[in-house]
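Take a look at the letters that make up each chain.
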Amino acid sequence: MKIAQVSPLFESVPPKGYGGTERVVSFLTEELVRQGHEVTLFASGDSTTRARLVATVDQSVRNSAFDQSWLAYHLIQLDQVIGMSDDFDVIHFHTDFLQFPTLRNCGTPHLTTLHGRLDLSYLVPVYQHFRVPPLVSISDSQRTPLPWANWVNTVYHGLPANLYAYNEEPGDYFLFIGRISPEKRVDRAIDIAVQCERPIYIAAKLNKSEEGYFKEVIKPRLRHPLVTYVGEVGETDKRELLEHARALLFPIDWPEPFGLVMIEALSCGTPVIAYANGSVPEIIDDGVTGFVVSDLEEAVRAARRIESISRQDCRSAFERRFTAPCMAANYLDTYQRLLSQ
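Residues numbered from 1 in each chain as written. Predicted model: local features only at pLDDT ≥ 70, side-chain atom pairs only at ≥ 80, totals over all residues. Heavy atoms only, no water.

## Quick notes on the overall build of the chain
Assigned secondary structure in the chain consists of twelve helices and 13 strands. Over its C-alpha trace the chain gives a radius of gyration of 20 Å, about what one expects of a compact globule, namely 20 Å for 341 residues. Projected onto its principal axes, the C-alpha positions of the chain cover 60 × 40 × 35 Å. Across the 341 residues that make up the chain, the buried fraction comes to 55%. The long-range fraction of contacts in the chain, counting pairs at least 24 apart against all pairs at least 6 apart in sequence, stands at 65%. (Helix = DSSP H or I, 4+ residues; strand = E, 2+ residues; numbered from the N terminus. Rg over C-alpha atoms; globule rule 2.2 N^0.38 Å. Buried < 20%, exposed > 50% of the residue type's maximum accessible area, 1.4 Å probe, protein only. Contact = heavy atoms within 4.5 Å.)

In structure tokens:
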């Protein structure tokens with residue numbers, strides 16, 4: 001099958017640091033290539049792939065979020081995709097809704113995976129107006145704000161089975177990986193670890209827009225001797241941290257669409273303690289692969305008995321539900337259904 005994968009340009013594919021969407025695009029692209037499909041990846045020029053790469057811009061545009069130049073590059077990318085559309089059996093967009101107006105005149109079967117939160121008020125008129133483009137959710141809970149949209153499937157993210165190593169004997173620290181922002185609740189993670197008297201590593205990206213929140217809420221907590229702030233990490237350091245963590249703390253305060261770091265942890269055998277928001281109850285099997293909690297007191301109790309969770313059960317759940325071949329199989333099934341229509 002001839003497949004186009006259209007990635008955002010904010011990070012390379014795969015990203016050098018933080019970047020969930022681009023990592024998923026990379027895993028899917030490489031797995032489809034491995035299975036023998038002819039894949040074209042539309043992404044930034046600093047991407048690495050075995051697919052054919054069509055680069056709109058030489059470098060990812062991470063730092064252009066505040067000057068709007070990112071929009072210009074994405075419009076160029078969209079024109080490239082549509083100009084080559086007859087070369088593909090199916091076009092798979094990962095770029096939110098920017099392509100919707102152009103798809104009215106696109107004869108090639110296409111679908112859009114939505115990777116972000118959908119509970120923002122301005123999205124309602126967009127998806128009410130553009131009812132036709134087929135959409136894929138990354139969790140059932142992600143659909144909640146827009147249940148009437150043109151959903152054709154839910155496909156959970158997947159990782160290469162050998163990306164992380166299973167570790168039966170972890171260290172004694174807790175881990176937070178993600179982004180420093182109010183909805184990610186790094187403060188809760190630190191409070192859980194401190195109340196349990198266990199060390200915690202904070203591996204988190206800090207955007208300029210969140211620097212005020214960081215200085216006011218998070219930085220004072222970093223002075224505690226149990227807390228180690230390591231900042232944004234690359235793939236090698238993240239792998240090391242995840243494989244040896246006693247547990248991943250995921251105390252979110254927003255409707256998380258998926259939460260890729262949860263399955264990264266499970267692939268290492270590392271259990272997850274997460275607040276019951278968004279996709280969490282779909283990803284974590286309470287009492288089996290971690291604990292799903294509702295408040296700080298419950299989270300602390302769960303963290304104190306994390307050794308009751310079998311690390312082998314965590315790895316087994318990952319292998320059964322969240323590998324790249326599983327993700328690719330679900331997308332291929334969706335492609336075939338679009339082609340048959």
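## Here we look at the nonpolar core
In this structure, Phe 174, Leu 242, Val 272 and Tyr 335 are the most contacted members of the largest nonpolar core, which totals 84 residues. If you tally residues by element for this core, the top one is helix α8 (residues 260-268), at seven residues. Beyond its immediate sequence surroundings of up to four residues, Leu 242 is in contact with Tyr 164, Leu 175, Ile 177, Leu 248, Val 261, Glu 264, Ala 265, Cys 268 and Thr 270. One finds Phe 42, Ile 91, Phe 93 and Leu 146 within the second-largest nonpolar core, a separate group that totals 23 residues. (Core = buried A, V, L, I, M, F, W, Y, C linked by side-chain atoms within 4.5 Å.)

## A few points about a negative patch on the surface
Taken together, the side chains of Glu 38, Asp 86, Asp 87 and Asp 89 make up a negatively charged region of the molecular surface. Relative to the helices and strands, Asp 86 resides in the loop between α2 (69-83) and β4 (90-93). A relative accessible area of 73% places Asp 86 in the exposed class. (Patch = residues over 30% accessible without salt bridge, like charges linked within 9 Å, V, L, I, M, F, W, Y side chains within 5 Å. Areas by Shrake-Rupley, 256 points an atom, 1.4 Å probe, with all protein chains shown as cover. Salt bridge = Lys/Arg side-chain N within 4 Å of Asp/Glu carboxyl O. Lys, Arg positive; Asp, Glu negative; His and termini not counted. Charge placed at Lys NZ, Arg CZ, Asp CG, Glu CD.)

## Some details on the sheet that holds strand β11 (residues 247-250)
What the six strands build is an open sheet, ordered β10-β9-β8-β11-β12-β13; its pairing is parallel. Each having just a single partner strand, β10 (227-229) and β13 (290-293) make up the two edges of the open sheet. Averaged over all pairs of adjacent strands, the angle between strand axes in this sheet comes to 20°, irrespective of strand direction. Sheet strands touched by helix α7 (residues 235-244): β8 (174-179), β9 (200-205) and β11. Its angle to β8, the strand with the most contacts, is close to 145°. (Pairing = 2+ DSSP bridges. Axes fitted to C-alpha atoms, helices over the stretch in contact; angles between N-to-C directions.)

## Concerning the sheet that holds strand β1 (residues 2-6)
If you trace the seven strands from one edge of the open sheet to the other, you get β3-β2-β1-β4-β5-β6-β7, paired in parallel fashion. Both outer strands of the open sheet, β3 (52-55) and β7 (151-154), are each paired with one neighbouring strand and no more. Looking at each pair of strands side by side, their axes are set apart by 25° on average, direction ignored. Here four bridges tie strand β2 (residues 38-43) to β3, and the two strands are oriented parallel to one another. Along β3, the bridge assignment pairs Leu 41 with Leu 53. Across the sheet, α2 is in contact with β1, β2, β3 and β4; its angle to β2 comes to roughly 160°. Lying over the sheet, helix α12 (residues 324-340) contacts β1, β4, β5 (110-113), β6 (135-137) and β7, oriented at roughly 145° with respect to β5.

## A word on helix α11 (residues 311-321)
Along α11, the residues classified as buried are Arg 311, Cys 314, Arg 315, Ala 317 and Phe 318. Taken down its axis, α11 places every buried residue within 160° of arc, on the same side. Looking at the buried side of α11, the elements it contacts are α7 and α8. The distance from a side-chain oxygen at the start of α11 to the backbone nitrogen of Gln 312 is 3.3 Å, and the residue carrying that oxygen is Ser 310. (Arc of directions from axis to C-beta. Polar contact = N/O pair within 3.5 Å; in protein donor to acceptor, adjacent residues only side chain to side chain.)

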